[in-house]
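Coordinate analysis (summary)
Take a look at the letters that make up each chain.
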Amino acid sequence: MSTEETNAGHAEHHSMQPASAGTRKRGLAQIRSECCTGCRICVQTCPTHSITIVESELNFNGIAVVDMQHCTGCNICAIDCPWTGVDMFNPDGSRREQTQYDKQLRRLRGYH
Ligand code: SF4
Ligand code: SF4
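Residues numbered from 1 in each chain as written. Chains lettered and ligands numbered in written order. Predicted model: local features only at pLDDT ≥ 70, side-chain atom pairs only at ≥ 80, totals over all residues.

Within the protein, the secondary structure is distributed over 4 helices and 4 strands. Sequence-ordered secondary structure for the protein, helices as α and strands as β, is α-β-α-β-β-α-β-α. Burial statistics for the protein: of 112 residues in total, 30% are counted as buried. If you take every contact in the protein between residues at least 6 apart in sequence, the share linking residues at least 24 apart comes to 63%. (Helix = DSSP H or I, 4+ residues; strand = E, 2+ residues; numbered from the N terminus. Buried ≥ 20, exposed ≤ 12 C-beta atoms within 10 Å, placed from the backbone. Contact = placed C-beta atoms within 7 Å.)

This is the structure we're talking about:
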């Protein structure tokens with residue numbers, strides 16, 4: 001099995017797992033494999049270069065996978081993904097609702 005195949009399986013496994021509660025001090029992005037189109041927008045916008053595209057049986061374009069070690073939980077990938085392909089989690093493992101970063105989205109878009 002190639003490295004890419006291994007990573008793809010890894011990505012799909014993690015996409016279904018909640019963020020590990022209590023082990024992080026920062027938030028975390030996780031890809032919804034079933035929604036990701038492999039469009040690569042998040043790869044380009046992630047400030048810490050924490051997202052790569054790996055081969056997947058789910059999509060011929062591949063799907064995104066987040067490097068948990070380098071993700072800062074900044075929300076930018078979740079804001080920019082056109083396909084609701086990113087879930088954000090708080091450090092305690094709870095899901096971060098989009099309303100929690102709607103204000104950040106408006107600021108990034110220059111609305112205020
Ligand atoms: S922006 Fe969304 S759909 Fe595109 S690669 Fe990233 S997670 Fe997948
Ligand atoms: S939350 Fe921020 S640091 Fe983490 S993968 Fe998304 S854009 Fe990158």
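Next, the rest of the story.
What follows covers the site of ligand 2. Around ligand 2 lies a shell of 13 residues, among which Ala29, Cys46, Cys71, Cys74 and Cys77 are the nearest. Its residues placed into classes, the shell around ligand 2 shows 8 nonpolar, 5 polar and no charged. (Near = placed C-beta within 6 Å. Nonpolar A, V, L, I, M, F, W, Y, C, P; charged D, E, K, R; others polar.)

Taken together, 13 residues surround ligand 1, and among them Cys36, Cys39, Cys42, Cys81 and Gly85 come closest. The class makeup of the residues in the shell around ligand 1 is 9 nonpolar, 3 polar and 1 charged.

Sheet topology note: the strand E2 (residues 51-56)/strand E3 (residues 59-66) ladder contains 5 bridges and is antiparallel. For Thr52, the partnering residue across the bridge sits in E3 and is Val65. Counting the residues in the hairpin turn of E2 and E3 gives 2 residues. (Pairing = 2+ DSSP bridges.)

Looking now at the nonpolar core. With 21 residues, the main nonpolar core has Ala29, Ile31, Cys42, Ile63, Ala64, Cys77 and Val86 as its most contacted residues. If you list the elements that add at least two residues to this core, you get strand E1 (28-31), E2, E3, helix H3 (76-80) and strand E4 (86-89). The element best represented in this core is E3, accounting for 4 residues. Excluding its chain neighbours within four sequence positions, the residues that come into contact with Cys42 are Ile51, Ala64, Cys77, Asp80, Cys81 and Val86. (Core = buried A, V, L, I, M, F, W, Y, C linked by C-beta atoms within 7 Å.)

Right, let's talk about the environment of Arg96 for a bit. Counting through the fold element by element, Arg96 comes out in the loop between E4 and helix H4 (102-108). Sequence separation of Arg96 and Asn75 is 21 residues, and the distance between their C-alpha atoms is 9.4 Å.

Across the protein, pLDDT averages 83, with 79% of residues at or above 70. In the model, residues 1-16 has pLDDT below 50 throughout and makes 21 contacts with residues more than four positions away in sequence or in other chains. (pLDDT = per-residue confidence, 0-100.)

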